[in-house]
Amino acid sequence: MNENDKHLLGPGLFAGVGLTSLATLMLQVCLMRLFSVALWHHFAFMVVSVAFLGFGASGTFLMMVPRMRTLPLRPTLACLALSFSLATLAAYWSSNMIPFDPARIMWDRYQWVYLLAYYGVLAIPFFFAGMILALVYTSRAEAVNRLYAWDLCGAGLGCAVVFLTYTSAGEAGTVFSVCLLSILASLAFRSGGWKLNLVRGPWTLIVCALLITRPGFLDLKISPYKALKVALRYPEARILETRWDPTTRLDVIESKAIRFAPGLSLEFQGRLPQQLGLCIDAGHLNAVTHFTGDMAPLAFAASLPSSLPYVISKADHVLIVEPLGGLDVLVARHNGAGKIVTTHANPLVLRVMEDSLKEFAGNLYEDRAAAVEEQARSFLLRTGDRFDVIQLPLTNTLGATSSGLYGLSEDYTLTVEAFKTYISALTPEGVLAVTKYLLPPPRHELRLVTLGCAALEALGVEHSAQYIAAVRSWGTFTLLVKRSPFGPQEIDRMKGFCSQHRFDLVYYPGMPDEEANQYNRFPDPLYHEMTQKVIDPATREAFHDAYLFDVRPVTDDRPFFYHNFRIDKVVPLYRAVGDKWQLFLEGGYLVHLVFVQAVAICILLICLPLRKAGRPASSWFLAYFALIGMAFMLTEICLIQHFVLFLARPVYAFSAVLFSILVTSALGSYCSRKVPFPKDNREILPKKSLCSIPVLVMTPILLIVYAFLLHGVLTAAIVWPLWMRYGVTFFALLPLGFMMGMFFPMGVRVLSRRFEHAIPWAWAVNASVSVVGSVLAVLIALSAGFTIVLCVAAGAYGLAVVVLWKMMGGGKQNTGVME
């Protein structure tokens, strides 16, 4: 930078850095939400993760074009911030116009071209944001601790701001807000300059006008293969209402496609009441049934598999988990249930049901059904109530979905620990009922059974087979788990119910083989045979080892219920499905594709500067910034997952954990200035600098402690009020975040002593490997669990401490960075 810039460390520079980071984090979260609605959440994860590599590309560009570092700093930053604003809206509009649809990849080869276009378009705004930060860190390395602190604080603030913006401004409004924040960053960097203001002024007016008018050409384009669009293709179908909150888009629709009675007996010849659709993120379609208080129109409820638990057990006190539109509440009332409690992790659905749909649904959640805005598990851990029936109902109207739709989704309602909580909350004769769609070949259905067995055995039950029963209709599978063994009378009532409605028995204690597969017939009684094998301890392990899909029980440490694919069975599965590769795009293998893409682009961005700068005299700094980028991302993702159950809702966990980590890391970054460094590059690092290394060793030690003790601590504190749990979250993460925040600024300060021109290279490595780390965290969690993710992060930080010691000249004289 010019000599005139050397003393320009005013408040505008720090404010500009903070605003840039705030806008960048908001943009990343916003794009994830938008593409989760427009496409599917796992493709959103892929697109945004790879596009974020544009952040790392900025450092590579600065190494390849060193002339950028000779331009006046503040005007350059102001222009880049304005470019960030322009590129944000352009990227949103362009990506909306690109005809990419993951459902068409199977037969349209041009979709791969469109996917690459997605990557390129979405990477541009991240590139400009990365350029700002890379330039600042390169030119102001002596103040990197304060600059990085502002960077982290801005990102931490973005965790809260993005959710407030979504609530008030919706999806397009959040994009416009990012544009306005980028303009504010530009003003903070430099408010003067008539040429710059000639563009900045009109652009500000345009963004404000768009925010107010919301033109139709900026409306989000949704895949025609998603449930919302499918339902709207029916004659006279229409959207009645659309609402957004930070985690959900909710549409209320009227369509002839809405006929929700999962597993309804084919013996039922009556009519269903009128129903409206509740569509979550354009893909998860549920229904609200018209109810006036008259039970006669609900006669169909007796012919649903969800009525079975009320046939075999009394129902004085019932808990229904996530009933959404409330069909299972109506089923419970039709079957004479007494007190009904419902839990709702998504408050937007409950607000719509108690507001605009209140009259249509017959005041469902206020009349004889107590609604609790909380996840079922945290509610059950806090309450001392016991229930006769606990029901986990089906909530998707358009039938069974492929595992690809949810294969990468964590679900803490379907883990061994969750089932233990449900069973423990039952009365002595109570029953847990869980229903899923049939999805041959059997996967989710078998995993339900293994969860029931594992939970019972974890509770000390010796013969779990006596406590389990299962039935299936033409399209659903229902698992029943009792607190006590099934008795002869209960089995007789279950057999009578199935015979009356022509449902098939899958399993009950002592069931003969000839009773299976009688009505809705498969060529072989595969559900009965497989269920017996996973229930019987003598055959269970052999079945798990040989089966093409992973149906072992999942735990809170590995809560991916819908992830059934096995890497070691890729070839046999490929042959079993007729040598077709489409299944692998839909399932959990997609994350491996994302990982390969991210690694390939990461290697390219790291190696490109070699052509311009040549091979450095030492590569220790590349390893150091790669390690801390990887470790930070692994830790961040894993901790968010650990706090989901503790804070009751995923959105609370995301905002609270990310805010806590970023703000406490900012504090650590700021305090890292106390580590003394010589002013003259030729001087040897003082011993006090080297003495800071043992302090950083606390980071991997803390991570190991968190990996094995955090879950127990959070479980014990889950009964506290929510505001106290927020405080626990912040102070629990304070020591770890403080330590994590010291690594990056200390590395930059060491690097600036001998190799200052390589700081953009270090930035490229850190940002690019962070993206790889985000995908790697998912890969490790899918196969080994989140505890191992934290252990890997601890190992990475431990190696980073060793490399930093090497960079600082530990054990040598006057080595600095270079060897």
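What counts, and where the lines are drawn
- Residues numbered from 1 in each chain as written.
- Predicted model: local features only at pLDDT ≥ 70, side-chain atom pairs only at ≥ 80, totals over all residues.
- Heavy atoms only, no water.
- Helix = DSSP H or I, 4+ residues; strand = E, 2+ residues; numbered from the N terminus.
- Contact = heavy atoms within 4.5 Å.
- Areas by Shrake-Rupley, 256 points an atom, 1.4 Å probe, with all protein chains shown as cover.
- Salt bridge = Lys/Arg side-chain N within 4 Å of Asp/Glu carboxyl O.
- Buried < 20%, exposed > 50% of the residue type's maximum accessible area, 1.4 Å probe, protein only.
- Expected span 1.5 Å × (residues − 1).
- Core = buried A, V, L, I, M, F, W, Y, C linked by side-chain atoms within 4.5 Å.
- Phe/Tyr/Trp six-rings, centres within 6.5 Å; stacked < 30°, edge-to-face > 60°.
- Lys NZ or Arg CZ within 6 Å of the ring centre and 35° of its normal.
- Patch = residues over 30% accessible without salt bridge, like charges linked within 9 Å, V, L, I, M, F, W, Y side chains within 5 Å.
- Lys, Arg positive; Asp, Glu negative; His and termini not counted.
- Charge placed at Lys NZ, Arg CZ, Asp CG, Glu CD.
- Pairing = 2+ DSSP bridges.
- Axes fitted to C-alpha atoms, helices over the stretch in contact; angles between N-to-C directions.
- Parallel < 35°, antiparallel > 145°, perpendicular 65-115°, else oblique.
- Left-handed = near helix turned anticlockwise from the far one by under 90°.
- Nonpolar A, V, L, I, M, F, W, Y, C, P; charged D, E, K, R; others polar.

Asks: Help me out: how do you make sense of the overall build of the chain in this one?
Replies: A tally of regular secondary structure across the chain gives 30 helices and 12 strands. Sequence separation of 24 or more characterises 77% of the internal contacts of the chain that already satisfy a separation of 6 or more. Per element, the accessible surface of the chain, about 30,500 Å² overall, is 62% carbon and sulfur.

Asks: Sorry, what's going on with the pattern of salt bridges here?
Replies: Two side chains of opposite charge can pair, provided their charged atoms sit close to one another. Overall, the coordinates contain 18 salt bridges when judged by the stated rule. Between Asp550 and Arg447 there is a salt bridge; the shortest N-O distance is 3.4 Å. With Asp550 in the loop between α18 (537-546) and α19 (570-576) and Arg447 in helix α15 (residues 444-458), the pair connects residues that are 103 residues apart, well separated along the chain. Residue Asp550 shares its accessibility class with Arg447, and that shared class is buried.

Asks: Explain α15 to me, please; I cannot follow it from the model alone.
Replies: Every α-helical turn comprises 3.6 residues, leaving residues that sit three or four positions apart pointing alike. Given a rise of 1.5 Å per residue, 15 residues ought to cover 21 Å, and the 21 Å separating the end C-alpha atoms of α15 matches this to within 8%. For α15, the buried fraction is high: 13 of the 15 residues fall into the buried class. One or two residues past the end of α15 sits Gly460, with phi positive at roughly 95°.

Asks: Can you help me understand the nonpolar core in this one?
Replies: Soluble, globular proteins show a tendency: their nonpolar side chains are buried together. In terms of nonpolar packing, the biggest core is built from 238 residues, with Met494, Phe621 and Phe625 touching the most fellow members. Residue contributions to this core peak at 19 residues, all from helix α6 (residues 144-189). Residues in contact with Phe625, not counting those within four places in the same chain, are Phe744, Gly747, Val748, Leu751, Ala762, Val765 and Asn766. Core analysis: the next-biggest nonpolar cluster, separate from the first, contains 52 residues, Phe387, Val416, Ala418 and Ala455 among them.

Asks: Explain the packing of aromatic side chains here, please?
Replies: What characterises a pair of aromatic rings is the spacing of the ring centres plus the angle enclosed by the ring planes. Overall, the coordinates contain 25 aromatic pairs when judged by the stated rule. Geometrically, the ring pair formed by Phe100 and Tyr118 is edge-to-face, given 5.2 Å between the ring centres and 70° between the ring planes. Of this pair, Phe100 sits in the loop between α4 (73-97) and α5 (110-139) while Tyr118 sits in helix α5, and the two are 18 residues apart along the sequence. Considered together, Phe100 and Tyr118 belong to a single accessibility category, that of buried residues. When the ring of Phe477 is compared with that of Tyr527, the centres are 6.2 Å apart and the planes differ by 35°; the resulting orientation is tilted. Note that Phe477 is positioned in strand β11 (residues 476-482) and Tyr527 in helix α17 (residues 526-535), a separation of 50 residues in sequence. Take Phe477 and Tyr527: they sit in the same class, and that class is buried. Against the face of Phe549 rests Arg443, its NZ or CZ located 5.0 Å from the ring centre.

Asks: Can you walk me through a negative patch on the surface in this structure?
Replies: Where like charges cluster on the molecular surface, the negative patch consists of Asp513, Glu514, Asp524 and Glu529. Within the fold, Asp513 resides in the loop between β12 (504-507) and α17.

Asks: How do you make sense of helix α7 (residues 194-213) when you look at a structure like this?
Replies: With 20 residues, α7 should reach 28 Å at 1.5 Å per residue; the first-to-last C-alpha distance of 29 Å fits that figure. Just beyond α7, the residue with positive phi is Arg214, at close to 50°.

Asks: Teacher, can you tell me more about the sheet that holds β12 here?
Replies: What holds strands together in a sheet is hydrogen bonding between their backbones, with the strands either parallel or antiparallel. Ordered in space as β7-β6-β5-β8-β9-β11-β10-β12, the eight strands form an open sheet in which the pairing is mixed. Sheet topology places β7 (369-372) and β12 at the edges, where each strand pairs with a single neighbour. Strand after strand, the sheet turns through a mean of 20° between neighbouring axes, direction not considered. Relative to strand β6 (residues 339-343), strand β5 (residues 317-321) runs parallel, the two sharing five bridges. Within the sheet, the bridge partner assigned to Val318 lies in β6 and is Ile340. Relative to the sheet, helix α10 (residues 327-334) contacts β5, β6, β7 and β8 (387-392), its axis offset from that of β6 by approximately 170°.

Asks: Honestly, the sheet that holds strand β3 (residues 275-280) in this entry has me stumped. Any pointers?
Replies: Spatially, four strands are ordered β1-β2-β3-β4 in an open sheet, and the strand pairing comes out antiparallel. Of all strands in the sheet, those with a lone pairing partner are β1 (238-245) and β4 (284-289), marking the two edges. Averaged over all neighbouring strand pairs, the angle between strand axes comes to 20°, with direction disregarded.

Asks: Even after reading the chapter, I still don't get the packing of α4 against α5, so can you show me in this structure?
Replies: The packing of two helices is summarised by the inter-axis angle and the distance between the axes. Put simply, α4 and α5 touch, their axes get as near as 8 Å, and they point 165° apart. Our classification of the angle between α4 and α5 gives roughly antiparallel. Judged by the twist between their axes, the crossing of α4 over α5 is left-handed. Here α4 contributes Leu73, Thr76, Leu77, Leu80, Ala81, Ser83, Phe84, Ala87, Thr88, Ala91, Ser94 and Ser95 to the contact with α5, which in turn contributes Tyr118, Val121, Leu122, Ile124, Pro125, Phe128, Ala129, Met131, Ile132, Leu135, Val136 and Ser139. Here the residues of the contact of α4 with α5 are counted per class, giving 18 nonpolar, six polar and no charged.

Asks: Mind showing me how you'd approach the side chain of Arg540 here?
Replies: Along the polypeptide, Arg540 turns up in helix α18. Apart from residues no more than four positions distant in its own chain, Arg540 is found in contact with Cys453, Glu457, Ser464, Lys533, Val534 and Ile535.

Asks: It is not clear to me how unusual backbone geometry should be interpreted in this structure. Could you clarify?
Replies: For residues other than glycine, phi is negative in most cases, and the peptide bonds are mostly trans. For the bond running from Pro440 to Pro441, omega is -5°, close enough to zero to count as cis. Counting through the fold element by element, Pro441 comes out in the loop between β9 (426-437) and α15. For Ala282, which is not glycine, the phi torsion reads 65° and is therefore positive. Note that Ala282 resides in the loop between β3 and β4. The phi angle at Leu324 is positive, at roughly 50°, despite the residue not being glycine. Of note, Leu324 is situated in the loop between β5 and α10.

Asks: Would you take a moment to explain the environment of Leu647 for this structure?
Replies: Position of Leu647 relative to the elements: it lies in the loop between α23 (620-642) and α24 (650-671). Since its relative accessible area comes to 0%, Leu647 is described here as buried. Each C-alpha atom of the pair Leu647 and Leu714 lies 9.4 Å from the other, and the pair is 67 residues apart in sequence. Look past the residues within four positions of Leu647 in its chain and what remains in contact with it is Tyr652, Ala653, Ala656, Leu722, Arg725, Tyr726 and Thr729.

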